[in-house]
Amino acid sequence: MKLIITDGDPGTKAAEIVKEKLLAAGDKKFVLSLPTGGTPLGMYKNLARMNADGEITFKNVITFNLDEYEGLGIESDQSYRYFMENNFFKFIDIKKENINIPNGLASDLNAECEEYERKIKAAGGIDLLVAGVGENGHLAFNEPGSPFDSKTRVVELTEDTINVNARYFANAADVPRRALSMGVGTILGAREILVLASGAKKAEAVRAAFEAPVNPECVITALRNHPNAVIIADKEAASLIK
Ligand code: GLP
């Protein structure tokens, strides 16, 4: 696993890498998996600008988001679908039909998760997966204890995650208790993985990624089982690595 330490926003570096990959794919389809959260905002801004300037196009890109809250859809400004639409998709030339986000409003959530896995396979698998990391080391919503071979499924959020994510909601009671999340196995199935980490709050998770024993109690350690994973961290997030 590789570490890139950035002077400023890791999202700026991530956007450059995504651009390189898109240019290398040329006219071929490219399957890109995308995260939400505060950390990737700079990446989305940069990619949207590159698209507006004609440096890159998303017309051959198929996206799969990592996760979504149960019970939230586009009408809710806390849903990940709303986040993606308003921070990224409305600014780029992607085809609507190529956007995939688990549907938190599906009447049968398990069937929705199975269908999501089927769609990823049908698209030819994920070329590049970009993720953030939770303070507890989670990737997407794979909380501590998530098996490394897990697939897209309904997950229970931990109290820690509910409290950390409460900053985006009016109060902690409004944070959904469950979510649909790509599994650790789904993530490890991507051909390349980029994880972005910013700020001192992520320093312990980044340290663990490199130094803790590989085990499901700290999900980010799963990346050490992947041949092509890179963590992009700013100085604060990388500060605890020996
Ligand atoms: C949520 C998401 C994760 C994300 C994490 C960190 O829990 N499910 O996919 O990586 O938050 O978010 P932030 O970048 O806002 O710290």
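Everything quoted here is computed from the prediction, not taken from an experiment.

1. Description of the sheet that holds strand β1 (residues 2-6)
The pairing of strands in a sheet happens through backbone hydrogen bonds and is either parallel or antiparallel. Here we have seven strands laid out as an open sheet, ordered β1-β10-β9-β6-β2-β3-β5, and parallel in their pairing. Single-partner strands in this sheet number two, and they are β1 and β5 (99-100). In this sheet, strand β3 (residues 61-65) lies alongside strand β2 (residues 30-34) in parallel orientation, the contact comprising five bridges. Its bridge partner being in β3, Val31 is matched across the sheet by Ile62. Along the sheet face, helix α1 (residues 10-25) touches β1, β2, β3, β6 (128-131), β9 (192-197) and β10 (229-234) and points at about 160 degrees away from the line of β9.

2. Observations regarding the confidence of the model for the protein chain
Low pLDDT marks stretches whose predicted atomic positions should not be read closely. In the predicted model, the protein chain carries a mean pLDDT of 97, and the fraction of residues at 70 or more is 100%. Across the protein chain, the element-wise mean pLDDT spans from 95 in helix α5 (residues 159-165) up to 99 in β6.

3. Things to note about the sheet that holds strand β4 (residues 67-69)
Spatially, three strands are ordered β4-β8-β7 in an open sheet, and the strand pairing comes out antiparallel. Each edge of the open sheet carries a strand with a single partner, namely β4 and β7 (153-156). Each adjacent strand pair in this sheet contributes to an overall mean axis angle of 30 degrees, direction not counted.

4. Some points on the site of the ligand
Contacts to the ligand come from 14 residues, most closely from Gly38, Thr39, Asp67, Tyr168 and Lys202. Within the side chain of Thr39, a nitrogen or oxygen atom sits 2.4 Å from an oxygen atom of the ligand. One of the side-chain nitrogen or oxygen atoms of His138 is found 3.0 Å away from an oxygen atom of the ligand. Burial of the ligand by the protein chains amounts to 95% of its free accessible area of 390 Å². Judged by its atoms lying within 2 Å of the grid points, the ligand is housed in the largest pocket. When its residues are assigned to classes, the shell around the ligand shows five nonpolar, six polar and three charged.

5. Considerations on the nonpolar core
The tendency in soluble globular proteins is for nonpolar side chains to be buried side by side. In terms of nonpolar packing, the biggest core is built from 36 residues, with Leu129, Met182, Val195 and Ile220 touching the most fellow members. Those elements giving two or more residues to this core turn out to be β3, α4 (109-122), β6, α6 (184-188), β9, α7 (203-211) and β10. The element contributing the most residues to this core is α7, with four residues. In this structure, Ala15, Leu22, Phe58 and Ile94 belong to the second largest nonpolar core, which totals 32 residues.

6. Here we look at the pairing of β3
Along β3, five of the five residues are buried, which leaves the element largely enclosed by surrounding structure. On β3, burial covers both faces: Val61, Thr63 and Asn65 on one face and Ile62 and Phe64 on the other are all buried. With helix α2 (residues 41-52) bridging β2 and the parallel β3, this β-α-β connection has right-handed handedness. Pairing between β3 and β5: two bridges, direction parallel. Looking across to β5, one finds that Thr63 is bridged to Ile99.

7. Regarding the packing of α1 against α2
Contact geometry for α1 and α2: axes closest at 7 Å, N-to-C directions at 45 degrees. Taken as axis vectors, α1 and α2 run oblique relative to one another. Helix-helix and strand crossings are classified by hand; for α1 and α2 the assignment is right-handed. Only Gly42, Met43, Asn46, Leu47 and Met50 of α2 make contact with α1, whose side of the interface consists of Gly11, Thr12, Ala14, Ala15, Glu16, Val18 and Lys19. In terms of residue class, the contact of α1 with α2 is made up of six nonpolar, four polar and two charged.

Rules behind the numbers
Residues numbered from 1 in each chain as written. Predicted model: local features only at pLDDT ≥ 70, side-chain atom pairs only at ≥ 80, totals over all residues. Heavy atoms only, no water. Pairing = 2+ DSSP bridges. Helix = DSSP H or I, 4+ residues; strand = E, 2+ residues; numbered from the N terminus. Contact = heavy atoms within 4.5 Å. Axes fitted to C-alpha atoms, helices over the stretch in contact; angles between N-to-C directions. pLDDT = per-residue confidence, 0-100. Near = heavy atom within 4 Å. Polar contact = N/O pair within 3.5 Å; in protein donor to acceptor, adjacent residues only side chain to side chain. Areas by Shrake-Rupley, 256 points an atom, 1.4 Å probe, with all protein chains shown as cover. 1 Å grid on protein atoms, 1.4 Å probe; cavity = no way out; pocket = protein on both sides within 12 Å on 5 of 7 lines; lining within 4 Å. Sits in = over half its atoms within 2 Å of the grid points. Nonpolar A, V, L, I, M, F, W, Y, C, P; charged D, E, K, R; others polar. Core = buried A, V, L, I, M, F, W, Y, C linked by side-chain atoms within 4.5 Å. Buried < 20%, exposed > 50% of the residue type's maximum accessible area, 1.4 Å probe, protein only. Right-handed = clockwise from strand over helix to strand, strands pointing away. Parallel < 35°, antiparallel > 145°, perpendicular 65-115°, else oblique. Left-handed = near helix turned anticlockwise from the far one by under 90°.

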